[in-house]
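# Breakdown of the fold
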Amino acid sequence: MAISVIPLAIMWKAGNPWFDVIGAVWFCYAILVFGFFQYFKFIDIGRVGDFSYGIYLYAFPVQQTLIYFFKNSLNGWLLVFFATAVTLPLAMISWYLVEKPALKLKASRKVDSITHQA
């Protein structure tokens, strides 16, 4: 997979119009490889928090805001880079300040309702 980056770099440098299409397919493939191969299972991403809902919640508004302010100066790859750079910290803040405390409240309410029923 690492060797496949070389033709992509050559296509990008040469200004090949197919770079965006082939690069997008390669990027999706790389994400799937990273997610499904057992070699990468040693990384415990969940130990720092569950940012998935925050990413889901904030990604679209961040992308639309970037497009609004930067109009034609961002291509697709720069949009992905900058949107990720803005969305991840927002998702982390959301996890630690909103979601995690809310989940603790949910767990404590369950215990309270069980003790009151008995």
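See above for the structure.
The following paragraphs examine the structure supplied in this document. Per chain, the residues get numbers from 1 upward, laid out in the order the sequence is written. With pLDDT at 70 or above as the cut-off, local features in this predicted model cover only qualifying residues; side-chain atom pairs require 80 or more to be listed or tallied, and sums for whole chains, interfaces and linings still use all residues. In computing side-chain properties, one takes all heavy atoms of the structure into account and sets aside hydrogens as well as water.

### Re the side chain of Ser94
Mapped onto the elements, Ser94 comes out in helix α4 (residues 76-117). At a separation of 2.9 Å, a polar atom in the side chain of Ser94 contacts the side chain of Glu99. Aside from chain neighbours lying at most four places away, what touches Ser94 is Tyr58 and Glu99. Runs of H or I in DSSP of at least four residues are treated as helices and runs of E of at least two as strands, each being numbered from the N terminus. Counting of polar contacts relies on pairs of N or O atoms within 3.5 Å, with two restrictions inside protein: one atom must be capable of donating a hydrogen and the other of accepting it, and residues adjacent in sequence are counted only when both atoms are side-chain atoms. Note on contacts: a residue pair qualifies if any of its non-hydrogen atoms lie within 4.5 Å across the two residues.

### What about the layout of surface pockets?
Approximately 350 Å³ is the volume attributed to the largest pocket. Surrounding the largest pocket, 13 residues form its lining, Phe51, Ile55, Thr84, Thr87 and Leu88 being those nearest its centre. Those elements that provide at least two residues to the lining of the largest pocket are α3 (52-70) and α4. In terms of residue count, the dominant contributor to the lining of the largest pocket is α4 (six residues). Of the grid points, spaced at 1 Å and generated over the protein atoms alone, those admitting a 1.4 Å probe that cannot get out make up cavities, while open sets with protein on both sides within 12 Å along at least five of seven lines make up pockets; any residue with an atom within 4 Å of a point is treated as lining. Grid points are joined across faces, edges and corners, and a volume is the space filled by probe spheres set on the points.

### Some points on helix α2 (residues 19-36)
In this analysis, the expected span of each helix is defined as 1.5 Å times one less than the number of residues it contains. The terminal C-alpha atoms of α2 lie 25 Å apart, and with 18 residues this matches the ideal 26 Å at 1.5 Å per residue to within 8%. Each residue's exposure class comes from its accessible area (1.4 Å probe, protein chains only) as a fraction of the maximum for that residue type: buried when under 20%, exposed when over 50%, partly exposed otherwise. All of the buried residues along α2 are Phe19, Gly23, Ala30 and Val33. Around the axis of α2, the buried residues are gathered within 85° of arc, so they sit on the same side. Residues of α2 that are exposed and angled more than 90 degrees away from the buried face: Val25 and Phe36. What the arc covers is the set of directions going from the helix axis to the C-beta atoms.

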